[in-house]
Amino acid sequence: MSSFPPNSAPDSPQLAPPQTETHKPKNRIGLIALTLSVSGLIFGIFPATSVLGWILLPAGFGAGIAGLFQKSKERVTSILAIVLSFLGTVICGIVLLVTAVLSASHQPAARQPASETEAESPVASSSLSAPALMQPADSSLASSSAQPSTTTTPSKAESQSKGSVPDGYENALAEARNYVKIMDFSYAGLYDQLTSEYGGKHSAEAAQYALDNLEVDWNAEALGAAQNYIDIMSFSYAGLYDQLTNEYGEQFTPEQAQYAVDQVKVDWNAEALESARSYMDLMDMSTDSLYDQLTSKHGEQFTPEQAQYAIDHL
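Residues numbered from 1 in each chain as written. Predicted model: local features only at pLDDT ≥ 70, side-chain atom pairs only at ≥ 80, totals over all residues. Heavy atoms only, no water.

Caption draft 1: Region of interest: the nonpolar core. Judged by nonpolar contacts, the single largest core of 17 residues is most densely connected at A176, Y179, L190, L194, A210 and L214. When residues of this core are traced back to their parent elements, those giving at least two are α8 (167-182), α9 (187-195) and α10 (204-213). Those residues in contact with L190 that lie beyond four places of it in its chain are A176, Y179, V180, F185, L211, L214 and W218. Within the second largest apolar cluster, 14 residues are counted, among which are Y229, L240, F252 and V261. (Core = buried A, V, L, I, M, F, W, Y, C linked by side-chain atoms within 4.5 Å. Buried < 20%, exposed > 50% of the residue type's maximum accessible area, 1.4 Å probe, protein only. Helix = DSSP H or I, 4+ residues; strand = E, 2+ residues; numbered from the N terminus. Contact = heavy atoms within 4.5 Å.)

Caption draft 2: Spotlight on a nonpolar patch on the surface. A cluster of nonpolar side chains, contributed by I79, V83, F86, L87, V90, I91, I94, V98 and I182, occupies part of the molecular surface with about 800 Å² of accessible area. Considering each element in turn, the nonpolar patch owes the most residues, eight residues, to helix α3 (residues 76-104). Within the secondary structure, V98 is located in helix α3. (Patch = residues over 30% accessible without salt bridge, like charges linked within 9 Å, V, L, I, M, F, W, Y side chains within 5 Å. Areas by Shrake-Rupley, 256 points an atom, 1.4 Å probe, with all protein chains shown as cover. Salt bridge = Lys/Arg side-chain N within 4 Å of Asp/Glu carboxyl O.)

Caption draft 3: Here's a closer look at the environment of S203. Checked against the element boundaries, S203 lands in the loop between α9 and α10. Assessed through its relative accessible area of 35%, S203 is described here as partly exposed. Sequence separation between S203 and A172 is 31 residues; the distance between their C-alpha atoms is 8.9 Å. In this structure the side chain of S203 is engaged in a polar contact, spanning 3.1 Å, whose partner is the backbone nitrogen of A206. (Polar contact = N/O pair within 3.5 Å; in protein donor to acceptor, adjacent residues only side chain to side chain.)

Caption draft 4: Spatial organisation of empty space enclosed by the protein. On inspection of all chains with the given rule, the structure shows one cavity of 30 Å³ or more. Approximately 30 Å³ is the volume attributed to the largest cavity. In this structure, the largest cavity is lined by P47, S50, V95, L96, T99 and Y198. (1 Å grid on protein atoms, 1.4 Å probe; cavity = no way out; pocket = protein on both sides within 12 Å on 5 of 7 lines; lining within 4 Å. Points joined across faces, edges and corners; volume = space filled by probe spheres on them.)

Encoded structure:
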């Protein structure tokens with residue numbers, strides 16, 4: 001039997017000294033690439049701003065490739081940027097195809113109104129004389145002859161029910177219904193989409209007819225748009241309101257935007273914290289500079305309490 005000297009123990013495997021976990025430095029090029037890809041995806045899904053999306057998505061892809069070759073830098077953001085730019089391109093292509101199909105669907109019908117009006121002209125002329133035939137033979141008959149101007153253009157609802165609405169108008173209405181099914185639009189935004197040369201290419205009259213006859217809850221549209229923005233980016237209460245009412249944004253009315261920001265499901269403190277982290281990932285900022293950026297009316301427009309929460313929890 002072997003023995004061991006006092007206070008000694010059998011040889012045991014040598015344990016490697018604990019290794020300290022090292023974190024690779026942040027890849028700023030990758031972060032820029034990710035920002036470009038996300039922005040390109042957002043702009044690309046809206047036909048009116050798809051041109052901007054097609055510019056940002058390739059830029060995000062290229063920056064993502066460049067970020068992969070940064071030595072001793074993390075590559076996760078670059079990979080995400082590349083994947084998002086690829087997916088964004090596919091999604092934007094589908095949106096562009098759907099928009100082209102929808103806009104092309106009314107082109108053949110645009111040639112029909114001329115022939116239809118010719119075919120309808122006998123009916124129109126007979127309808128002018130119809131009121132006089134139906135009137136009783138009394139003193140009111142004299143006034144009936146003065147009524148055609150009011151009875152032929154009375155209410156649009158009557159003329160529409162008789163099938164006198166041009167097919168182009170009905171196509172605009174059908175396209176408007178399709179748009180609000182897949183995206184959230186304001187009244188003004190949908191009008192621009194229907195009349196845009198990159199969108200529906202409808203006449204102003206056809207677009208106005210579509211909006212006047214479209215059954216839609218504009219408050220619900222505003223709320224849907226607000227929720228989409230919150231799910232994709234970080235916004236303050238004031239910043240989201242500005243985005244919803246901006247003439248270069250969603251173009252909702254102040255009342256609709258107010259309803260949306262009051263009803264949207266969001267934690268404004270969490271939004272401020274997410275925004276603060278994005279700034280710190282992109283650049284080195286002092287606490288005071290970050291606070292000013294978060295609260296500035298030209299910046300993120302968070303409240304002082306929300307900005308302080310964000311800084312305290314970084």
